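# Descriptive structure summary
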There are 8 protein chains.
Amino acid sequence: MNKETIKKLLEDVKDDKMSIDTAARMLIDLPFTDLGFAKIDNHREIRTGYPEIIYCAGKTEEQVVAIIREMLKKGSSILGTRADKKIFEAVKAICPEAEYHDVARIITVRKKEIKLTDTYITVITAGTSDIPVAEEAAITAQMLGNRVERVFDVGVAGIHRLFASLDVITGAKVIIAIAGMEGALASVVGGLVDKPVIAVPTSVGYGASFGGLSALLSMLNSCASGTAVVNIDNGFGAGYFASMINKLS
Amino acid sequence: MNKETIKKLLEDVKDDKMSIDTAARMLIDLPFTDLGFAKIDNHREIRTGYPEIIYCAGKTEEQVVAIIREMLKKGSSILGTRADKKIFEAVKAICPEAEYHDVARIITVRKKEIKLTDTYITVITAGTSDIPVAEEAAITAQMLGNRVERVFDVGVAGIHRLFASLDVITGAKVIIAIAGMEGALASVVGGLVDKPVIAVPTSVGYGASFGGLSALLSMLNSCASGTAVVNIDNGFGAGYFASMINKLS
Amino acid sequence: MNKETIKKLLEDVKDDKMSIDTAARMLIDLPFTDLGFAKIDNHREIRTGYPEIIYCAGKTEEQVVAIIREMLKKGSSILGTRADKKIFEAVKAICPEAEYHDVARIITVRKKEIKLTDTYITVITAGTSDIPVAEEAAITAQMLGNRVERVFDVGVAGIHRLFASLDVITGAKVIIAIAGMEGALASVVGGLVDKPVIAVPTSVGYGASFGGLSALLSMLNSCASGTAVVNIDNGFGAGYFASMINKLS
Amino acid sequence: MNKETIKKLLEDVKDDKMSIDTAARMLIDLPFTDLGFAKIDNHREIRTGYPEIIYCAGKTEEQVVAIIREMLKKGSSILGTRADKKIFEAVKAICPEAEYHDVARIITVRKKEIKLTDTYITVITAGTSDIPVAEEAAITAQMLGNRVERVFDVGVAGIHRLFASLDVITGAKVIIAIAGMEGALASVVGGLVDKPVIAVPTSVGYGASFGGLSALLSMLNSCASGTAVVNIDNGFGAGYFASMINKLS
Amino acid sequence: MNKETIKKLLEDVKDDKMSIDTAARMLIDLPFTDLGFAKIDNHREIRTGYPEIIYCAGKTEEQVVAIIREMLKKGSSILGTRADKKIFEAVKAICPEAEYHDVARIITVRKKEIKLTDTYITVITAGTSDIPVAEEAAITAQMLGNRVERVFDVGVAGIHRLFASLDVITGAKVIIAIAGMEGALASVVGGLVDKPVIAVPTSVGYGASFGGLSALLSMLNSCASGTAVVNIDNGFGAGYFASMINKLS
Amino acid sequence: MNKETIKKLLEDVKDDKMSIDTAARMLIDLPFTDLGFAKIDNHREIRTGYPEIIYCAGKTEEQVVAIIREMLKKGSSILGTRADKKIFEAVKAICPEAEYHDVARIITVRKKEIKLTDTYITVITAGTSDIPVAEEAAITAQMLGNRVERVFDVGVAGIHRLFASLDVITGAKVIIAIAGMEGALASVVGGLVDKPVIAVPTSVGYGASFGGLSALLSMLNSCASGTAVVNIDNGFGAGYFASMINKLS
Amino acid sequence: MNKETIKKLLEDVKDDKMSIDTAARMLIDLPFTDLGFAKIDNHREIRTGYPEIIYCAGKTEEQVVAIIREMLKKGSSILGTRADKKIFEAVKAICPEAEYHDVARIITVRKKEIKLTDTYITVITAGTSDIPVAEEAAITAQMLGNRVERVFDVGVAGIHRLFASLDVITGAKVIIAIAGMEGALASVVGGLVDKPVIAVPTSVGYGASFGGLSALLSMLNSCASGTAVVNIDNGFGAGYFASMINKLS
Amino acid sequence: MNKETIKKLLEDVKDDKMSIDTAARMLIDLPFTDLGFAKIDNHREIRTGYPEIIYCAGKTEEQVVAIIREMLKKGSSILGTRADKKIFEAVKAICPEAEYHDVARIITVRKKEIKLTDTYITVITAGTSDIPVAEEAAITAQMLGNRVERVFDVGVAGIHRLFASLDVITGAKVIIAIAGMEGALASVVGGLVDKPVIAVPTSVGYGASFGGLSALLSMLNSCASGTAVVNIDNGFGAGYFASMINKLS
């Protein structure tokens, strides 16, 4: 709703091309579908090829199914995050082509061919236990049209494992570094490469990891420039943010 | 027990209209019923039309049933919050007209017609997952005799959805804004309207939301004047407080 | 900028009463004055009798003076909170009628007669050390046109002091209860009266009061219905919120 | 092992009443029984009438049974805290006279008549949900030989309920005040009576009660003199500490 | 204001020995003096020999002087805690016999001979840096009429120093154990003696002592029965609580 | 030190173009200058036009001067962050062309012409008090060769101020959103634009802002996709990260 | 990869004993086996007699089995920590000689005779509930070739139990002190002996132990010199660290 | 005070070589000097060449001087930590050979030649700002007779700087790794070397470093085995612990 759009609309009103009532409604009725318990944002559709996104945690099975049914009406591709198996079964019942990525806990429905970028995003984890978060990031980025490379279990306690993958890391346009426990991976990677590093703390660990707090603080205090952080276990957010950067021309 | 009441009582004693023993007992025996494990406050009865309220969490089924049985003797309407289905079944057994609002986890018994106010309270949520807290607030307010409007899933990430409901928001006498995660809804609404906004942080979220701490701090630090906050997930408290304001003449 | 305003504006455009450029500018150029480092909100002026408000903490002397100079141009009354003596001296230099309330750390400039409400707000403190926060609340409420009653040093450790002031407390339309340390005052007052209680935790205390955290948590967890909370030491917020309620008709 | 005991022992050695080996062993082998996984303290036996105490949480069924079997050999009375029903069944199998207090989660074995004190301890709770902690305190104190009075559900939100029980509260030699949520009960009671008040925060509550942290901080910051605090939900500790005070002559 | 007092008063009213107005005023006008910014509690006077207590922190010099001037009118002994040297000078100016205990930051005015108890309170510190808190406790207890023994710098890192003072510790009726850093002293003392131990965490330490939080948590979690805790650095509270116990007969 | 560099070096050794000793030293002696107390990283020089960066906080005047003297030898441009005025004076003494940006607390030395990008970074603040952090971000970005637009004091409490600047916000390639208190700005901006948003929480606020914790948690929990967060008050980190993104081709 | 190794390799290249490709690969391809989801570090094998270590928590059964199958190929001894019974059954299926230490939740496979040191490590616990952590430490140390002595349930509340075991404690080369609740054991032991003490806080406790935070802070703030701390419940880390010290010659 | 010593003493008593009084006093009067405010531990003297240690923070100038005067009487070497310049001047006045290490804030008095070990301790810091903590560790270790190597400013953001010093790191018998901010240095070093690593978190940093909490948690959660942690900024503790390990034969 920028100045130009408003000017155009006003000119149409002045020129009697549009009624006052219509114009007023357009200024207020922004595009979303109201299901009562949810208001589905239709903005995203306008940008070609982007899937609709639904965060399933905290929603009932019925709510997720109703939202997805609405999205399917518009022929959208769909990305449902934090979905357990039971929700997937319910979705599958109304949408047989739905796929489930169980490590990532993601439901995807691909309505259009997804063309991947030439440049790529590298997703790194410190440990094996961080893989579910990494897969959430990777599949999100792929559904948004990005080429993704995975490098798992290269934590700093055995730093030679990280160095052995330096090529695929330095070759990326943007890097997602995922670690629990002390979260040192982000700082080390941030110091090694000259690319934006998106750090994802995970809740992997015990005791004084305090559910990911340790890794979170560690990453926020990274002494390496060029690092930014998303919420604990937020693979989706990292994948989305990385996609934004990777797709900038 | 204000000055006037005491004076009257003392005059009655002096005039021999009341025995000393009776008067002493009256000064001390304030109105409640003692069940041993619970002391039911009878104050509320004096104000016409108000239901008795019972917070069910942390009480055993037997305790809730015993308390409600006592309340029913006096013909009170009843509002039981934080009640799971099993408690409701037990209550239903002794009180067939009891109703269960499962989203809100509330038991209600309506003994008298509830006349609603002309002015209304608007209950807003940032997301779909905040609806249980919103329903607790809304049903509480309705049981206390208030007209309530609901606007759900209008979080700030798609602010046009909020703007589309501005009429029903600005028309309210008092607003309840409910949000988890970053809790920004309260500040944005507080900045848009010139009505008291009661902010309810919810435990919706994960990772660094720390069980609602993030939304709580956010709302306490709101840069918008005219906002006050209740406990995390405290829909009841918000509904009660809003009712107090809405019913001020 | 509700539907009606927009319709009227569009009709004016259609009827050639207003140029498209002017209309577009009006739709976008919402009322504020841009000083670069600050954007002064002019909304408040429209509501008669309300002062402009400026939060002085974190602003330089020069910034505060520049903002107030701008406000004075419009003949507004002014309420400057969290202002130290030095800032006041600088303001006084350009506005001789400015007054300083040193306990409350507030600067006021009264350009118009302030007519007080018949109903009143009672401001209660648990201790003597809470008075600065209480004065911030009281003077804010008075500048916004409310009658205010003060009851200080009636903490629950000597509960008879509180009871001795019950008349002035129960007679209020809304109550502001201010306490540091364990913050129990809010719960006790909330249990005694049937009016909205705005609880203000203060940073008064030491050790495990953790800068007001103890009182804050205490107030958020109040077992008394009808209590809502503002930020630690936020006398202004409480005064503003109380004013909103007190002035509801 | 004070100076006198050592002198006596040394004199016995000098006078050949005791061998050097025996004396050395006595100086080192202090009285406890070693089960490998547990070292049972036998100190307590020396003081007549006191039960052996065992904290069952975190111990396996086998460990609890083995410890109690050892205690029974010495004919001790036993107080087992934080014991679930399953542990009780296992104990019952080897000790038929064992009793289970299910609200308090306590196992008791009374081997000797317990003579109660004339003075008494009053145990107060703010709510019904605090009763399990109160019963842990009360039964502990009773097993240690104290008369106990119970006053439950007298939280400050309905302060008249507290006042109605003032006689039984002020008549006590020491008071245990138990509350969750905002924990204000301790301060109010501490301000009303001139007796030592032992405050027990409970984990009753939700949201910003943070598992009892709110009540704990509240009680530590009590503005009432004469209050000391034990760990969250530590009914046993309060009962034991109160017993120490009540039994001082 | 117990039942008997009320009965007597009512009988006086009935028998015309007292006017209704007087009786009503007596029931409400509880004994305190209102200075506006402070309400001085006069309850304490009734108990012979007890000083008036004033917590000076957070009060202005003028407020402290005004309160003490009022107290002096009644010939009370006075105990002013958390008073810096400047406040003392101001008090000294209106009350030449005032004394200053600079380590304890306490002002005392002794109007009556203080008779000490035969039994005594032992105040122990873990380190030299804890002495200011210990002196606050000790002088408080002495002003309240208790004999006090001091044992300083006997922290558990050199446990033989503690053992060397066992006589004076075990001989006490109640013990105050004061420690910062890891606060282990309270548990060790609590395990050694069979007397009530009041644990005072101090803010002595650095880094992960987090202003006394470490010692506070340590003391709350003491594995030794018979320990209760007061606020960080709250020497006064410990001295007052210990006095209550020591003076129980 | 990637595979190609190593291969080339090894080939030189094999072909006797380089001695073994030289090669070994090259493999180990990575490019930095060792001052004992600091090891200056010379990597950055290789990339044309980038300044050397020095974080001045926690370093002595002498250390900063010594480091900068070393940098100047190589003719580098310099960016010194968190520098107070005194440090600047000391630097000025050895480098007269040094400039001081006092709001940002940054020292700059420009040795080469800095060519700015066509695309730009927009730096937004919620309030006036956030400007120092914003200037740190803006000047950092400018020194790294980016065009920067500033939009200050557009917090969500007056959301129309934000909307009035939407053009300059949506036109940016990447946005830095800076806010203290409740930090809602990041979520609102993130929801309005389809560009990467770097959120910077600030320590602006009081009470329950807990030194920026409130804004930090708020931003980490942002319900708007496309947001990543840096440390509290870390304007430099945001500027550097934004530059990385803005300069991606 | 120190200077000597590199020199030797370069000489081999120069002397044509090694091809450039091989050398380059060796410099980069450090020894680990890549399973995709895990990169098994083979460094440890080089040191004779050391087992391969696998942290099982957060890995799926399939992942653990795959990793162990790979390790077995190399004939390594194996130490699998934080393994539940189900994982052990799966491992047992492919490796019949695997043993399960259920208290310690450890899987071991002994492929070589383990020769124990003459010097020993003493593992002490404060309580019975700390034994699982102690066993994790003890079995780890034993698998690494250390003689281990166990002293359990000697918490400071009954300090004579600790003294009775002083011989076996002071005779150790290094001590592991394990405690939950207030964690005082570490300080007391640290003060009694002149050997390195590795303190392990445990999550044993309730209420204000906050999952081990209390013991952790207590141990970090130990007033006894010669104490260092590992993560809450980190028996493995303590056993490994103790082994390093015990095996130093 | 082990079994043998006691036996010998008892034999002497039996054989009349020692009087009962003398023996009793010896068993109780353990070796320390009581100054009232401090009890100086004389244990340390017995071990040749070790200095007396005094922690100066929180002690008054007078107290430090009195303690040191007492120590000097016995001809001890002295190590005074956390001493500011003013305390040093006071000490210098009574002990002219006292030296001040201003970066480390340490006072030393060397009464005996200190013979250094052949093996050495390497002290590493991540940044320049960590040097004061490093110097506290290094000088402590040197005073205790250890050879120390220093490697400063080798944080993981420029990991090649760390690698360039690998020789001096891997050559040490024990390593002290000191870092603020994200504290990743400890994990990286722990992963590179097979020696005990003592990690020291520092309070260097700002914002979400929360006074060293970030580095502390990071180090406690280190994924590298062989790491233990001391308190934030506790250079002394690390130096002392390292010395214990380094001097083990």
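About the cut-offs
- Residues numbered from 1 in each chain as written.
- Chains lettered and ligands numbered in written order.
- Predicted model: local features only at pLDDT ≥ 70, side-chain atom pairs only at ≥ 80, totals over all residues.
- Heavy atoms only, no water.
- Pairing = 2+ DSSP bridges.
- Helix = DSSP H or I, 4+ residues; strand = E, 2+ residues; numbered from the N terminus.
- Axes fitted to C-alpha atoms, helices over the stretch in contact; angles between N-to-C directions.
- Least-squares fit on C-alpha atoms with pLDDT ≥ 70 in both.
- Contact = heavy atoms within 4.5 Å.
- Buried < 20%, exposed > 50% of the residue type's maximum accessible area, 1.4 Å probe, protein only.
- Buried area = accessible area lost by both parts, 1.4 Å probe.
- Salt bridge = Lys/Arg side-chain N within 4 Å of Asp/Glu carboxyl O.
- Polar contact = N/O pair within 3.5 Å; in protein donor to acceptor, adjacent residues only side chain to side chain.
- Nonpolar A, V, L, I, M, F, W, Y, C, P; charged D, E, K, R; others polar.
- Domains from an automatic or database assignment.
- Lys, Arg positive; Asp, Glu negative; His and termini not counted.
- Expected span 1.5 Å × (residues − 1).

## Let's talk about the sheet that holds strand S4 (residues 78-81) of chain G
All names here are of chain G.
- Reading across from one edge, S3-S4-S6-S5 is the order of the four strands in this open sheet, with mixed pairing throughout. Either end of the sheet is taken by a strand with one partner, and the two such strands are strand S3 (52-55) and strand S5 (99-101). For this sheet, the mean angle separating the axes of adjacent strands, direction not counted, is 20 degrees.
- As defined by bridge partners, S4 adjoins strand S6 (residues 106-109) across three bridges and the pair is classed as antiparallel.

## Section: the relation of the copies chain A and chain F
- Of the transformation superimposing chain A on chain F, the axial component is 0.0 Å and the angular component is 180 degrees, with the fit at an RMSD of 0.2 Å. This pairing of chains is accounted for by a two-fold axis. Proximity to the rotation axis, assessed at the C-alpha, singles out A:Val229 in chain A; its C-alpha lies 2.4 Å from the axis.
- Both copies share a contact surface, since 93% of the interface residues of chain A are interface residues in chain F too.

## Quick look at unusual backbone geometry
- Unusually for a residue other than glycine, G:Arg105 sits at a positive phi of about 50 degrees.
- With relative accessibility at 38%, the residue G:Arg105 sits in the partly exposed group.
- A positive phi angle is found at H:Asp233, which is not glycine, with a value near 65 degrees.
- Mapping H:Asp233 onto the fold places it in the loop between strand S11 (227-229) and helix H11 (235-246).

## Topic: the interface of chain A and chain F
- Each side of the interface is counted separately: chain A has 27 residues, and chain F has 25 residues.
- Summing the contributions of chain A and of chain F, the shared interface buries around 2400 Å²; its carbon and sulfur component is 68%.
- Considering only the surface of chain A that becomes buried against chain F, A:Leu220, A:Phe241 and A:Leu248 emerge as the three largest contributors, covering 23% of it.
- At the junction of chain A and chain F, the tally comes to zero salt bridges.
- Across the chain A-chain F interface, the total number found is three residue pairs in polar contact (both at pLDDT 80 or more).
- Breaking the side of chain A that touches chain F down by element, the ones donating at least two residues are strand S10 (197-201), helix H10 (213-220), strand S11 (227-229) and helix H11 (235-246) of chain A.
- A per-element tally of the side of chain A that touches chain F places H11(A) first, with five residues.
- Across the side of chain A that touches chain F, the residue classes tally to 14 nonpolar, seven polar and six charged.

## So, the domain arrangement of chain A
Residue and element names in this part refer to chain A.
- Examined at the domain level, chain A breaks down into domain 1 (30-109) and domain 2 (120-246).
- With 14 residues of domain 1 in contact, the opposing surface of domain 2 contributes 13 residues.
- Summed over both sides, the interface between domain 1 and domain 2 buries roughly 1100 Å², with carbon and sulfur atoms accounting for 69% of that surface.
- When the buried surface of domain 1 facing domain 2 is broken down by residue, Tyr-50, Arg-82 and Val-103 rank first, second and third, together holding 36% of it.
- Between domain 1 and domain 2 we count one salt bridge in total.
- A salt bridge links Arg-82 to Glu-136; the nearest nitrogen and oxygen atoms lie 3.0 Å apart.
- Summed over the shared surface of domain 1 and domain 2, the number is two residue pairs in polar contact (both at pLDDT 80 or more).
- Elements with a minimum of two residues in the side of domain 1 that touches domain 2: strand S4 (78-81) and strand S6 (106-109).
- In the side of domain 1 that touches domain 2, the residues fall into nine nonpolar, three polar and two charged.

## Re the side chain of G:Asp233
- G:Arg82 provides the closest opposite charge to the buried, unpaired G:Asp233, separated from it by 5.8 Å.
- In this view, G:Asp233 contacts A:Tyr206, G:Arg82, G:Val133, G:Glu136, G:Val200, G:Pro201, G:Thr202 and G:Ser203; residues no more than four positions away in its chain are not counted.

## Digging into helix H6 (residues 131-143) of chain D
Residue and element names in this part refer to chain D.
- With 13 residues, H6 should cover 18 Å at 1.5 Å per step; its first-to-last C-alpha distance of 18 Å lies within 8% of that length.
- The element H6 is largely enclosed, with a buried count of 11 among its 13 residues.
- Buried residues of H6: Ile-131, Val-133, Ala-134, Glu-135, Glu-136, Ala-137, Ala-138, Ile-139, Thr-140, Ala-141 and Met-143, and no others.
- Once H6 ends, the next one or two residues include Gly-145, with phi positive near 95 degrees.

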